[in-house]
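# Structure at a glance
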Amino acid sequence: MGERIDYEAVAPRGVKLLGDVHLYVSQSGLSPVLLTAVYLRVSLINGCAYCIDMHSRELRQLGVSNEKIALVPVWQEAGELFDDRERAALAWAETVTLISTTGAPDSAYQAAAAHFDEKELVDLTIAIATMNTYNRLAISFRNTPAALEAKRVAKHAETQGN
């Protein structure tokens, strides 16, 4: 399955504006590890291979263990591997990403608000919404995960070497 549209080339202004929102969130004061774990969880829910690959790599670069990364999809069962703030962020990410079925109930809001002040919670929700947008772009236009692209390049180099 190949890329359908290079949306960065077709709509550079829109992609730049989306990138500006991403930059805003990255400078919001929320931890890069927390944000990236949330991005990974959102991408897992949405089934975005491109983003799952990217955020898993980013978490490793941030020093997160492979074991913790592997348990992001089942963070509720991972005990103290995730701290209270991370668990609250991941739960809120699930609620917001699945909003058509969850409706973001008061109980979910109150659980998140117990760990984040108002600005942090708004910034976290902007981050979740932004990742949902990125997932929809990457899935719709078939972005190739870096791991798959690397395998293709290696295979091509191998065939050229023979």
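For the chain, the name recorded in an unreviewed UniProt entry is Alkyl hydroperoxide reductase AhpD, with Mycobacterium stomatepiae as its organism.

## Topic: the nonpolar core
With 37 residues, the main nonpolar core has Val38, Trp92, Phe116, Leu124 and Ile128 as its most contacted residues. Within the residue set of this core, elements represented by two or more residues are helix 2 (12-26), helix 3 (32-46), helix 4 (49-61), helix 6 (84-97), helix 8 (106-113) and helix 9 (118-140). Dropping the residues within four chain positions of it, Val38 is found in contact with Ala89, Leu90, Ala93, Leu124 and Ile128.

## Quick notes on the pattern of salt bridges
One pass over the full model with this rule turns up 7 salt bridges. Put simply, Arg41 and Glu94 hold a salt bridge, and the shortest N to O gap is 2.7 Å. You can see Arg41 sitting in helix 3 and its partner Glu94 sitting in helix 6, a full 53 residues away along the chain. Each member of the pair Arg41 and Glu94 is classed as buried. Residue Lys68 pairs with Glu86 through a salt bridge whose shortest N-O separation is 3.0 Å. Of this pair, Lys68 sits in helix 5 (residues 66-70) while Glu86 sits in helix 6; the two residues are 18 residues apart in sequence, bridging distant segments of the chain. On the basis of relative accessible area, Glu86 is assigned to the buried category, the value being 11%.

Definitions and limits used
Residues numbered from 1 in each chain as written. Predicted model: local features only at pLDDT ≥ 70, side-chain atom pairs only at ≥ 80, totals over all residues. Heavy atoms only, no water. Core = buried A, V, L, I, M, F, W, Y, C linked by side-chain atoms within 4.5 Å. Buried < 20%, exposed > 50% of the residue type's maximum accessible area, 1.4 Å probe, protein only. Helix = DSSP H or I, 4+ residues; strand = E, 2+ residues; numbered from the N terminus. Contact = heavy atoms within 4.5 Å. Salt bridge = Lys/Arg side-chain N within 4 Å of Asp/Glu carboxyl O.

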